[in-house]
Amino acid sequence: MHRRLAEGTLALPDLGLQAVPAVGEKLEHPLIEYATMLEATNRFIGAPQARRLAGLSDEQFREMGDITMKVNEVITGHASELGLSHCDGKAEYLVSGDARIVLADSPGTPDESRLMYGGVHCGKQVLRDWYMAHGLEVPVQRLIADGVPRSQWPKPMPLPPGFVPLMSDMYRSLSEAWTGERTWKAPGLQAATQAVRRLTSQ
């Protein structure tokens, strides 16, 4: 959101905001944004275009928004009970044969919902941040602008070996905390996230 506001591809009135929020600032109300799914990379679009591209009626579009707000409320509430912050997330939908709006995703997983514990991301954002901090990120925006096919994008550098066991522990720990089921006997979230914090600060 901050990047698109800076580029001018998004305006504060589009978000119902009076001023640009500080990085990390908790918004007073959830915001719903829309993105394409059937392109080489997802592209943010406005609500009118989203409704038009999806072929939804006004009523169906409102229903999708209502479901999204409810999903956010449930995930945010459950996360809060566990000491987690639900920062943002995404949901995908389909239209059934009888024209019902159906949630067709797995919200609440660390790949669909951005969750944090004690200031540490519990998911793939840890890996994104490490690549960026070390100047190893693939310049996706430039590649898109230059029209380079995704099949020709450079492969990311391999992660250091220590990442795999610690990230695995964190995913298992989050799963056990979220579901209440001790499937793997993983470390607690406190221990798992602190181990990741120590590794990424090296």
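Let me begin by describing the structure that accompanies this report. (Residues numbered from 1 in each chain as written. Predicted model: local features only at pLDDT ≥ 70, side-chain atom pairs only at ≥ 80, totals over all residues. Heavy atoms only, no water.)

Pairing in this open sheet of 3 strands is antiparallel, and the strands run β3-β6-β7 from one edge to the other. Of all the strands in the sheet, the pair left with one neighbour each is β3 (85-89) and β7 (120-121). Packing against the sheet, helix α4 (residues 58-81) makes contact with β3 and β6 (113-117), and its axis sits at approximately 150° to β3. (Pairing = 2+ DSSP bridges. Helix = DSSP H or I, 4+ residues; strand = E, 2+ residues; numbered from the N terminus. Contact = heavy atoms within 4.5 Å. Axes fitted to C-alpha atoms, helices over the stretch in contact; angles between N-to-C directions.)

So, about helix α5 (residues 125-133). For α5, the set of buried residues is Q125, V126, W130 and Y131. Each element contacted by the buried residues of α5 is listed here: β6, β7, α7 (163-179) and α8 (189-200). Two residues or fewer past α5, G135 is found with a positive phi of approximately 65°. (Buried < 20%, exposed > 50% of the residue type's maximum accessible area, 1.4 Å probe, protein only.)

So, about unusual backbone geometry. You will see that A99, though not glycine, has its phi angle at about 70°, which is positive. Among the structural elements, A99 can be located in the loop between β4 (93-95) and β5 (101-103). We classify A99 as partly exposed; its relative accessible area is 43%.

The next subject is the pairing of β6. Working note: regular strand, side chains alternate between the two faces of the sheet. Summarising burial for β6: 4 of the 5 residues are buried, a large majority. Here 4 bridges tie β3 to β6, and the two strands are oriented antiparallel to one another. Paired with S85 across the two strands is M116, which belongs to β6. Two elements, β6 and β7, share 2 bridges in a ladder whose sense is antiparallel. Of the residues in β7, the one forming a bridge with Y117 is V120. In textbook terms, the turn of a hairpin is the stretch between consecutive antiparallel strands, and for β6 and β7 this stretch comprises 2 residues, one of which, G118, has a positive phi near 60°.

Let us now look at the environment of E137. Within the element layout of this structure, E137 appears in the loop between α5 and α6 (140-145). Taking relative accessible area as the criterion, E137 reaches 41% and is therefore assigned partly exposed. Sequence spacing of E137 and R43 is 94 residues, and the spatial spacing of their C-alpha atoms is 19 Å. The residues touching E137, leaving out its near neighbours within four places in the chain, are Y131 and M132.

Let us now look at the packing of aromatic side chains. On inspection of all chains with the given rule, the structure shows 3 aromatic pairs. Aromatic pair W130 and Y131: ring centres 5.3 Å apart, planes at 80°, arrangement edge-to-face. For the pair W130 and Y131, one class covers both residues: buried. With 5.3 Å between their ring centres and 65° between their planes, W130 and F163 make a pair best called edge-to-face. Residue W130 is found in helix α5, and its partner F163 is found in helix α7; the two are separated by 33 residues along the sequence. (Phe/Tyr/Trp six-rings, centres within 6.5 Å; stacked < 30°, edge-to-face > 60°.)

Overall, the coordinates contain 11 salt bridges when judged by the stated rule. Ionic pairing is found between R172 and D169, a salt bridge with its closest N-O pair at 3.8 Å. With a gap of 3 residues between them, R172 and D169 both fall in helix α7, about one helical turn apart. By relative accessible area, R172 is classed as partly exposed at 33%. Note on D169: relative accessible area 25%, which makes it partly exposed. One salt-bridge network, held together by shared partners, links K90, E92, D105 and E112. (Salt bridge = Lys/Arg side-chain N within 4 Å of Asp/Glu carboxyl O.)

Time to look at the environment of E176. The residue E176 is located in helix α7 in this model. Since its relative accessible area comes to 5%, E176 is described here as buried. Placed 11 residues apart in sequence, E176 and P187 show a C-alpha to C-alpha distance of 9.4 Å. Once residues within four sequence positions are removed from consideration, E176 is found in contact with E181, R182, T183, W184, K185 and A186.

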